[in-house]
Every structure is written in C-alpha cells, then in structure tokens.
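# Observations on chain architecture
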Amino acid sequence: MSRRKKRLAKATATSGAKPKKILKTVNNVAHTFPIVGIGASAGGLAAFEAFFSAMPADSDPGMAFVLVQHLAPDHKSILSELVRRYTRMKVFEVEDGVVVQANCAYIIPPNRDMAFLNGCLQLLEPVAPRGQRLPIDFFFRSLAQGQRERAIGVVLSGTGSDGVLGVRAIKGEGGMVMAQTPDSTEYDGMPSSAIATGLVDYELAPADMPAQLIAYTSHAFGTLPRQVSVSNKMENALKKLFILLRAQTSHDFSLYKLSTIRRRVERRMAVHQIDSIEMYVKYMQQSVTEVDTLFHDLLIGVTHFFRDPEAFEYIEKQVMPQLFADRASDSLIRIWVPGCASGEEAYSLAILLAEYQETRRICFKIQIFATDIDSQAISTARAGLYPASISADISEERLARFFTSESDDADGNPSAYRIHKTIRDMLVFSEQDVIKDPPFSRLDLISCRNLLIYMSNKLQRKLIPLFHYALNPGAFLFLGTSETVGHFSEFFSVVERKLKLYRRKEVLSSRQGTALSLFLPPITTSAPTLPLSTENLGETEKLPLRELTEQTLLQQAASVAILVNAKGDILYIHGRCGMYLEPPPGEANGNNILKMAREGLLRDLTTALHKTILSGESVHRPSLRVKTNGHLSTIDLTTCVVSANPGMMPETPLYLVILATQPDIHPVRRHPAPEPAGDAAEGGAPSDSAVRIATLEQELQARDEYLQTTTEELETSNEELKSSNEEMQSINEELQSTNEELETSKEELQSVNEELATVNTELESKVVDLSQANNDMNNLLAGTCIGTIFVDTRLRILRFTPTATQIINLIPSDIGRPMGHITSSLMNYTSLVTDAQMVLDSLVFQTQEVQTNEGKWFTMSIQPYRTLDNVIEGVVLTFVDITQAKQAKDILHLNEERMRVALKASPVAIFNQDTELRYTWSYNAYSGFIDEQILGKTDAELLTEEEATKLTAIKREVLVSGKGQRHIVQVTIKAKTYIYDLTVEPLRDDTEKIIGITCASIDVSEQQVKK
C-alpha cells in the first residue's frame, strides 16, 4: 500500500468529524463533469481574483473547482470570503467527506491535506513538518486517479516546485494542465517548474484561463462519452498520424494499443478545438511543433520513486539476496530498465542495491542500463535533479543519505534534490527503442514496469521472448501490476504472482527465435516454419532429447514413442508412427500430438496425458481400437513422465507417449491345395497339364525368389541411402547449429557494441560537462583577481591563477613541482611551506597579512582542499589584494592621530549621541568627567533634572528639524557650575538619514564671570 493510501485509510478509520452542512458522504460516485484542481502559494490571492473575475456572469461553467493553497496552519482562512466576492458559484470551505458538485468552488482549510476519493473530498492530518508539506501534489495525484481524463490541473503563482509531480500524474491519466505565465505572477517558482516539465497544455494569464477552460471542456466532454472501439475511419487516420510521427521522430507507434493512442489524439484535438480527425491530420502535416508535442504526449511516463512500495520491499528482501548469492568478488551485476522515463525507478533500484551492499558490507560492481525513447526524459534522468516534492515518496533517511538539497528558499527549505554521485555512477542512461534496437544481454534483472500495457498483444509476444533471451539463466523479470508474460509461461516461472515478478526458465525449444528475428537476419531462406520441430533444435539440444527418449524406451521396451511437452507439442519421435498419427488438414501451425491423433485415439490420449501431467504417474490404456485408412487396429497406449533418473521431475517436464500394436488374434485361414486330377491322383503318369502347372509353379517360385532378392537389394540400397541421408541431415544440422552460434555471437557482439556506444555517449556528455565546468572555473578564478594556488598532499603545484604569479614566481611549467622549489616576492615571510604543511596536518585554517617587494599588501589564507566526498587532497592558498585598504587605513590612522593632537591642544569638547541621546563617542568630555564615564549614558543620568531637560529639548529639536543650533548653557557637575558655548549639529549617514547628533562645546565660564 502506498504512503498516500495508508494516510487516507488511517484518516478514514480515525476521523470522527461529521460534516455540519452541505452534503452527505457517498461512495462510488461517477462524475460526468470535470473537476479543476487549482494550486497556488505566494501571490495566489491576486491570481484567484483575476481567475474568478473572468468567469461568465450569466452562465454556469459546468465543472467544479477545488482550490489548494499553502495556508498558515495556525490562522483562520478568509479565502472563502474573498473568492465569494468574484464568482456567482457557491463557495465552501471543505469539510471532511463533502461530495463534489458541479458549479461549486471548494477551498482547502488550514493545516489539512486534502484528497479526492469516490467523488468526495477527504481531509487528513498533515504528517510532514511545516515548510515541507506538498498539498498541491498530494491533491493532484488523487484527482488524477479518481477522475482520469476528466482531471484538470491549474498551477498559479507560488514559490518552490509543489505541483510538478501532480502535473505528471494528471497528464499520465490523459487529463489537461494549465499554468500561469511567469511574467504575470508575483512569484514564478511553481508555474516555471510546471512549465519546465514540458507537460503544460496552456500557458495563460489567470484572466484568460476561464474562457479556455470552458472551450476545452465543451469540446472534450460536451457530447456523449465516446466508444472505446476504434472505427475504420479513425484507424485509417491514425495510420496517417503514425506515418507523420515516424517520419519526424523515427519511432513507430503502429504496434501500440489503438485505444490508448486514440485517447491521446482526442485530447490534443480538444486542446486545439479541432472537431474531426481528418482536420487534425492536416494540422499535423502543417505543424512540426504539434508532431513533436503529440510524440511527447504519447510518451508520458507516470513514475515516481519507489512506486508500489510493496513491490520494492519484496525486491529488497527476496530478490536482492539471490542476486548477490554465490558470486565471485569480481563479478558484475547487470540490470536493464527499459522505458525508464525520467529515471526514478532506475534510481530506486540503485538505492536498494547500495543499501543492501552497505548492510552486508560487500562491494560488487553494479551496472544499471536505463533506456527510453524520450530524449527529454533521458536528459532529466542524467541530470538527477528532482523537485522537492519527491520527499512524499522517499523517506527522510534516504533523502539524507542519497540526495543533496539545492536552491534552498527564503525559509531554508530545499526546492530541489540532486541524486548523490555514488548512486549516479551506477547507472548508464541511453536513448533506445526497445521495438527495433538490439537489447542488452547477460542481465540479472529486467525491470520493465507499466510499458507493456501500452503495447498491442502482437508487440508483447515479440518482447517477452526478447527479455528471455537477454536474461541470464535464473535471472528475474519485474513487470507492472497490470502486466503478465501472457502465453510464454514456459519461458518464465512465477516468483510472486500479485507483484508480477518472474524468473527465467531454460526451455528446450527455440521458440524465442521468432522474437529475435526482429534484430537478426533469418538463418536460411528455407528454414523450417514449425517452431517445435526437431530441425529447429541445435545439436546440443537434440542429443539430450534422443538420450532421454531412448533411456525411457529401454525401461518401457516399446517400439513407437513420441516425446512431448505439457501442451502436447512433439519434440522427438521414435519409430514409425503413421499408423497412429496424421497431419491435420488446413494451415500447419505446429506438430501437436493431440491434433494429429487418428480416430479412436484422441479421447483416451487426452485423458491419459492430462492425468500424467497432474499426477506424475504412468497411465496405461489397453486394447484401443484405432482406425487407419479404413482398417481398425488394436493398440496399447502408455503415458509417463520422462526423467534422467527415475523418480525425479525435471525443471521443464517432458512426457513420453508409447504406442504398441497388439498381434491379430484371428490367424489367416489358408486354402487347401487342390487335389491332383485324373490319373495323377490315382498314381499314374502325370499329364501334360500337370507338367505345365508344375513348370509354371517353378517359374513363379523362381520369379518370387528373384523378386525377393531384388526387393532385399532395393531395401539394402534404401537403407544405405537412408543412412547417407541421415548423415547428410546430421551434417546439415551441425552446420545450422554452427550458423546459429555464429549469429548468436554476432548478436552478442552487436549488444556489446551498443553498450559501448551507450557508455561512450555518456562519457562524451560528461566530458562536455567537465569542459564547461573547467572553463567556468578558469574564468571565475581569473575574473575574481584573487591569487589562488592549489597544491596536493605532497605540496606540489597543481593549478594557479594569473594573479598568483605576482606573488609567487610561477610559470606554466612549474605545475607538478614542489612548492618549496619556487621563490616568492614576499617580504619578511619565509615560512610559507611550513605553514601549508601545518594546515595540511592540523586542518586548521590560517590567515595573515603579507607584503611583496613591490610594496603591495595581500591577505593570505591557507585552508584544506576538500573533495565532495569530504576527503582532504591538499591545500588551497589565496591572496586577496588589500593594498588600497591598507593605504586607506594608514591614512585614516594618520588623520586620526593628527586630529587627536589637534583636539588635545584645543579647549573644545566633542561628542556624539544617537537618536535616543545616549553618548556614543566623546573627546575632551565635560569638565569633571573622563570620556569613558559618559559613554552609553544620557544627560538625565549626568546632570540635574532642570539642566538635562533644557539640553534634551535643544537636542530633540535638532533631531526633528535637521538644522543645527548654538546655545550658551549652564551645567552643574559635581557641585560645580560650568558655562559652555554649545553647538549641536545633526549626524547623518551615507543616505543622508539622521542617525544622531554631534555636539561641540567650549568652556566659557571665566569669560561669563568677567562679564
């Protein structure tokens, strides 16, 4: 059971809340109207307003709207009241179990997840922490499962990537998706993420969406439901579409299920408001973009990490131990994932393999080939970057171990996850058409899930034997829950029927050759067409069949026997069986003993063979009357199991049918010789007629002897010719077997070549990425004007930037030389190598200022060089030019010193106060104080109340007006009265904002006394 279903079941079981109003809960409601799910986050209110304001004011839209927004969990939502202002529809805040009705809008309440099930909206307690909830994805997925092609998703303004997986689910079920144009949003994160999937049908401003929605639903759902069957007219038009698709994309969709293709085509017709399939064909002919869009629409893969958790749990616990069992330490585990889409399933298998090896402390080389015909999906899979919404399918432990978060938002929550490099290196992604491209070989597992359901039975009958060929003996085939191996049960044994997990069996026939003929040329132009005849078996397979048959015959002492499988297909014939079997009339579909049995034999043969198959015991049927060419013969029938050792059942059961003719119980009656006539009878001399008769009898006897001799010679010649023919046939079979082996070797070489080409493509892509990253790094290091030197653990130069040559005397040929061999232009600093070694040993960061012979100053930093795997592989030295800052600091220090001397010689006292009139800086403080005594205090804490009030009023007025003032003030400090000439000016920052005041005072007490 999936996580979503578990949460839904838990909520349904534990929820005790009853709806207070609206409607009662119903089950299995079949909706005839579409339901529009609208997702939004930051900036969503303005988008909702524009959307509902554009709805028709005089008619109903004929659909339901469900609004899902990221709401604060601890505040009451007023979204319902806001939406009611802009629409004539009824607007409700959702209560648990409410039935969805047309022409109504439903608003998600705060601190709840919401799902659609059987026509109702179900509310659930959120389990994810705040900031990591993905309510839009959660609802869109349930809507897609419940409404299928009538599901519509709309993504409006918001940050992050919530909604991306929901968009994939809706499109996978044949629904429609809209997204707000990024330039019309306040926050474009969610719409941009949805658009980046390439699955959005319309990119519109919110005000333009209602008209397009109504037009789409009227065209797609305005008439009675279409029949699933495909008419001749539709089929002919689809064939034309297949031609256009094949011409532009080189992929053939003619063997896919027509009903699936039809639904996708009708949805594209509804998007473009095209009424007839003929008009759509013309539109396809004129629009290259539409051909590409339809191609990608047909390839939508509904996939996510660990899809069907029960199946992956079974793989982890039951299949993984068998994959690693009895393997040499240097062996290679090979897995193929055809139709991998954007790579989630392939990465899921890689994660399971990595966890299993880590738990068992083993390390095998693993190679996973993941293929698809969609180049965009392969690019996504190769990048290994997925939206943050995948956290709904992956546990927190696996996210932390196998993914790294990227592009955190303002709240610190990850907006995307990238697969870890250790997992990524296990996979090779490649574009491959499983229909026409050669398969991979020598595989231990094929995971082909939910691909065969889109293909016709004819194509499935070709692919299943192909998978059998590609797998190693005893390897596994993993199919989707709605897929089976069909009529090829003799190729695979069932491991887990519910989860559709199979294991490869060895077969004694070459039936799989019909599937491999897709990729291999025919062996000969006159090859036999009967797939189960002995001519199709190589010498290595024919000899065991002969030995098994003859060994069983020795035990049964029979002259005529036929070796068959459980279906009655004839594998080997011993003796002459024409008396009992004859080919049936009509088209030859194979040699089957039940179809060839003569009259009188079929019924008993069927029951006896069936009983032997079920019980494994021999069955004897005596005295059967079989009609052969109008003559009835009495035969004995025996069926038994064939085994090399008596009592042991082979892996692929074979059965022997023994036929024996009973001797005729009615002997032939001979006529008595005629009595001699006349005198001869009486003992007289023989007459002429008697002599003539005797002569004729002698001649007849001689001729009979001659004929017998001739017949024997002819039989001898026939035997010799037959022997020669058998030898020639044996030689022919050996040559044919050798040819098949060569063809198999050719196929294996072709498969290996394909794998090498795939790996080469992957490496070329990595080289391009590495070259681009290297160029970016070189330009970054050169553009920063920061001298940087990289050295390895032995302090040898690895790389340096041009700026570094101004400090260390480096040239390109110095790369690889020890750092101690290079001279520098640093003054009074000779411990560079020692400090670098110290950082390498202690991993403690060091920073200091150094000066060159030219008088330039640099801040030198020495820090360890760490790889992505947190391995220390050297140190990095950086030199930042601080010459100007150093000079400015020196000048400032000199000016401060000059100012200090000047102020010390002056009677003027200077001080600064902030906006709260607290002293922040003072020089030559008030008489009776030292500078440190007044810092942080106000006039009220230093002077009398009356004096402090007067001074505060003056200073406040300067703060408010921004104009300076000059006053003669009197203050009493430590019982002594002073008179000051006080000047107050506003203190401003770089933006001319007043941040306090500056005061200058001169003690004029003596002058005032003299006056």
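Residues numbered from 1 in each chain as written. Predicted model: local features only at pLDDT ≥ 70, side-chain atom pairs only at ≥ 80, totals over all residues. Heavy atoms only, no water.

### Concerning the packing of aromatic side chains
- By the definition in use, this model includes 23 aromatic pairs.
- Seen in terms of ring centroids, Phe 488 and Phe 491 are 5.5 Å apart; in terms of plane orientation they differ by 35 degrees. Their pairing is tilted.
- Taking the relative accessible area as the measure of exposure, Phe 491 reaches 0% and is therefore buried.
- Each member of the aromatic cluster is reached from another via a ring pair, and the members are Phe 305, Tyr 347, Tyr 386, Phe 403, Tyr 417 and Phe 429. (Phe/Tyr/Trp six-rings, centres within 6.5 Å; stacked < 30°, edge-to-face > 60°. Buried < 20%, exposed > 50% of the residue type's maximum accessible area, 1.4 Å probe, protein only.)

### Thoughts on the confidence of the model for the protein
- Chain-level pLDDT for the protein is 79 on average; 82% of the residues reach the 70-or-more range.
- Here residues 1-30 is a poorly scored stretch, pLDDT under 50, and it has 43 contacts once near neighbours within four places are set aside; other chains count.
- The low-confidence segment residues 223-229, where pLDDT is below 50, has seven contacts with residues more than four positions distant or belonging to other chains. (pLDDT = per-residue confidence, 0-100. Contact = heavy atoms within 4.5 Å.)

### Here's the deal with the sheet that holds strand β24 (residues 631-642)
- Spatial strand order, β22-β21-β25-β24-β23: five strands in an open sheet with antiparallel pairing. The open sheet terminates on both sides in strands that have one partner only, identified here as β22 (570-574) and β23 (619-628). Along the sheet, successive strands turn relative to each other by an average axial angle of 25 degrees, direction set aside.
- Bridge analysis of strand β21 (residues 560-564) against strand β25 (residues 654-661) gives five bridges, and the strand direction is antiparallel. Of the residues in β25, the one forming a bridge with Val 560 is Leu 659.
- Against the sheet, helix α21 (residues 602-615) makes contact with β21, β23, β24 and β25, and its axis sits at roughly 10 degrees relative to β24, the strand it touches most. (Pairing = 2+ DSSP bridges. Helix = DSSP H or I, 4+ residues; strand = E, 2+ residues; numbered from the N terminus. Axes fitted to C-alpha atoms, helices over the stretch in contact; angles between N-to-C directions.)

### Brief notes about the sheet that holds strand β16 (residues 427-431)
- Pairing within the open sheet is mixed, and its seven strands lie in the order β16-β12-β11-β17-β18-β20-β19. In this open sheet, the two strands that pair with only one neighbour each are β16 and β19 (492-496). Neighbour-to-neighbour, the strand axes of this sheet turn through a mean angle of 20 degrees, independent of strand direction.
- Note that strand β17 (residues 443-448) and strand β18 (residues 471-479) share five bridges and pair parallel. Bridge pairing in β18 places Cys 448 opposite Leu 479.
- Relative to the sheet, helix α12 (residues 309-324) contacts β11 (332-338), β12 (365-372), β17, β18, β19 and β20 (501-504), its axis offset from that of β18 by approximately 175 degrees.
- Packed on one face of the sheet, helix α17 (residues 457-470) meets β11, β17, β18, β19 and β20 and runs near 135 degrees to β18.

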